[in-house]
Amino acid sequence: MPPGGRAFWLRAVDGTRLRAMMWPATGSACGTVFLFGGRTEFSEKYFEVTVELLQRGFAVATFDWRGQGLSDRALSDPRKGHVGDYAEFDQDVATFMRDVAPAMPRPHIGLAHSMGGNALVRAIHDHPDMFSAVVLNAPMLGLRLGSSFVSGVLGLVAAVGNVAGLAARYVPGGSPAANDAVPFEQNILTHDRARYALHQSQISAMPELGLGSATFGWLAASFRSIRKVMQHDYLAAITTPVLIIVAGADRLIDRDALTSAAAQVRHGELSLIEGANHEVLIETDDVREKFWTAFDDFVARRVFSKQS
């Protein structure tokens, strides 16, 4: 853990226990960045990012989504990536911001990855004053499935499986194997061997951090949330400034969906990082430098210029 941080527990309205971490900024803070990870991720994975934010003068706070990291998991098989509905993630965000945000210096900035980006879009739609601005890194606003037909078929399969009593089962081909079991040469997340190996070693050292494949329930809930947040009226109602980072070599997220979302949000911007795989923040140094350039420029214009 980067120096100065502490870990603690939160309790959601439905009783789910969430593991959280926070770091007060060194000296006079220029604000707080709240980190929201993606599916399978855990707080330790963002320690490097935390250090980089602290060096920028921000305080930092993060937590593990329910069903991930050290937060409570819904099923008896803890390796199943499961959620019944994204309304449960809404509870997680609400709990985190209710219990942690009041003590953290403003302005408050959200930084979310993939699945966390979808959840954060829901949050800023329902709570326009929650953040001064948000940065969404490869947000899950559309899955790259080859065609709308394939997407429709997969969505139907997920929905039918969900209502047919298969919600808690792995999707076809799924398994308990976590990321530490996938060789670097087979990964589609990053080009950086060292950072990939580091995160594999974190799971190997603490296997309870690991998460396997998604369930039918998670997949069906994800399709429902994507359809919800991608409606034009939904996006147009968002008033928070939003920067969407597009990973140019992403094989998981649909680029057209991100371009469309950025165009429909009132204060939306898009930044394309060519050559980046899905997990931009654990990519190679040159890719990450492009991310931080985009982040710093956006925050300077959308947050700090309004304070001066």
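Residues numbered from 1 in each chain as written. Predicted model: local features only at pLDDT ≥ 70, side-chain atom pairs only at ≥ 80, totals over all residues. Heavy atoms only, no water.

Which parts of the structure should I look at to understand the overall build of the chain?
Check the secondary structure of the chain and you find nine helices and eight strands. If one aligns the C-alpha atoms of the chain with their principal axes, the spans along those axes are about 55 × 45 × 40 Å. For the chain, with 308 residues in total, the buried portion stands at 55%. Within the chain, counting contacts between residues at least 6 apart in sequence, those at least 24 apart form 79% of the total. Charge centroids of the chain, computed over 29 positive and 32 negative side chains, lie 3 Å from each other. (Helix = DSSP H or I, 4+ residues; strand = E, 2+ residues; numbered from the N terminus. Buried < 20%, exposed > 50% of the residue type's maximum accessible area, 1.4 Å probe, protein only. Contact = heavy atoms within 4.5 Å. Lys, Arg positive; Asp, Glu negative; His and termini not counted. Charge placed at Lys NZ, Arg CZ, Asp CG, Glu CD.)

Honestly, the environment of Asp129 in this entry has me stumped. Any pointers?
Along the chain, Asp129 falls in the loop between helix 3 (115-126) and strand 6 (133-137). The exposure class assigned to Asp129 is exposed, which follows from its relative accessible area of 71%.

Help me understand the sheet that holds strand 8 (residues 268-273), please; the structure alone is not making it clear to me.
In any sheet, the strands associate via hydrogen bonds between backbone groups, in a parallel or an antiparallel arrangement. Pairing is mixed in the open sheet, where eight strands are placed in the order 1-2-4-3-5-6-7-8. Looking at which strands have only one partner, the edges of the open sheet turn out to be strand 1 (6-11) and strand 8. Across this sheet, the average inter-strand angle for adjacent strands is 20 degrees, counted without regard to direction. Bridge count for strand 1 against strand 2 (residues 17-23) is six bridges, and the pairing is antiparallel. Paired with Arg6 across the bridge in strand 2 is Met22. On top of the sheet, helix 3 reaches strand 3 (32-36), strand 5 (108-113), strand 6 and strand 7 (242-247); it is set at about 140 degrees to strand 5, its chief contact. (Pairing = 2+ DSSP bridges. Axes fitted to C-alpha atoms, helices over the stretch in contact; angles between N-to-C directions.)

Would you mind going over the pattern of salt bridges with me for this structure?
If the charged atoms of two oppositely charged side chains come close together, the side chains can form a pair. Applying the stated rule across the entire model yields 20 salt bridges. Glu279 is the salt-bridge partner of Lys45, the closest N and O atoms lying 2.7 Å from each other. A residue pair is termed long-range when its members are at least 10 positions apart, and Lys45 in the loop between strand 3 and helix 1 (47-55) and Glu279 in the loop between strand 8 and helix 9 (285-304) qualify at 234 residues. Measuring nitrogen to oxygen at the nearest pair gives 2.8 Å for the salt bridge that ties Arg195 to Glu48. You can see Arg195 sitting in helix 5 (residues 193-205) and its partner Glu48 sitting in helix 1, a full 147 residues away along the chain. Since its relative accessible area comes to 11%, Arg195 is described here as buried. Look at the salt bridges and you will find they share partners, linking Glu48, Glu52, Asp192, Arg195, Asp285 and Arg288 into a network. (Salt bridge = Lys/Arg side-chain N within 4 Å of Asp/Glu carboxyl O.)

Before we go on, may I ask you to explain the packing of aromatic side chains in this structure?
Geometrically, a pair of aromatic rings is defined through the distance of the ring centres and the angle of the planes. Under the definition given, this model contains 17 aromatic pairs. Their ring planes at 25 degrees and their centres at 6.2 Å tell us that Phe58 and Phe304 sit as a pair that is stacked. Of this pair, Phe58 sits in the loop between helix 1 and strand 4 (59-63) while Phe304 sits in helix 9, and the two are 246 residues apart along the sequence. Residue Phe58 is classed as buried on the basis of its relative accessible area of 3%. Lying across the ring of Trp218, Arg39 places its NZ or CZ 5.5 Å from the centre. The ring of Tyr170 carries the charged tip of Lys80 above its face, separated from the ring centre by 5.4 Å. (Phe/Tyr/Trp six-rings, centres within 6.5 Å; stacked < 30°, edge-to-face > 60°. Lys NZ or Arg CZ within 6 Å of the ring centre and 35° of its normal.)

How should the pairing of strand 6 be read in this particular structure?
Burial of strand 6 is extensive: five of the five residues sit out of reach of the surface. Side-chain alternation along strand 6 places Ala133, Val135 and Asn137 on one buried face and Val134 and Leu136 on a second face that is also buried. The parallel pair strand 5 and strand 6, bridged by helix 3, forms a crossover whose chirality is right-handed. Sheet analysis places strand 6 next to strand 7, joined by four bridges and oriented parallel. Residue pairing in the sheet places Asn137 in a bridge with Ile245 of strand 7. (Right-handed = clockwise from strand over helix to strand, strands pointing away.)

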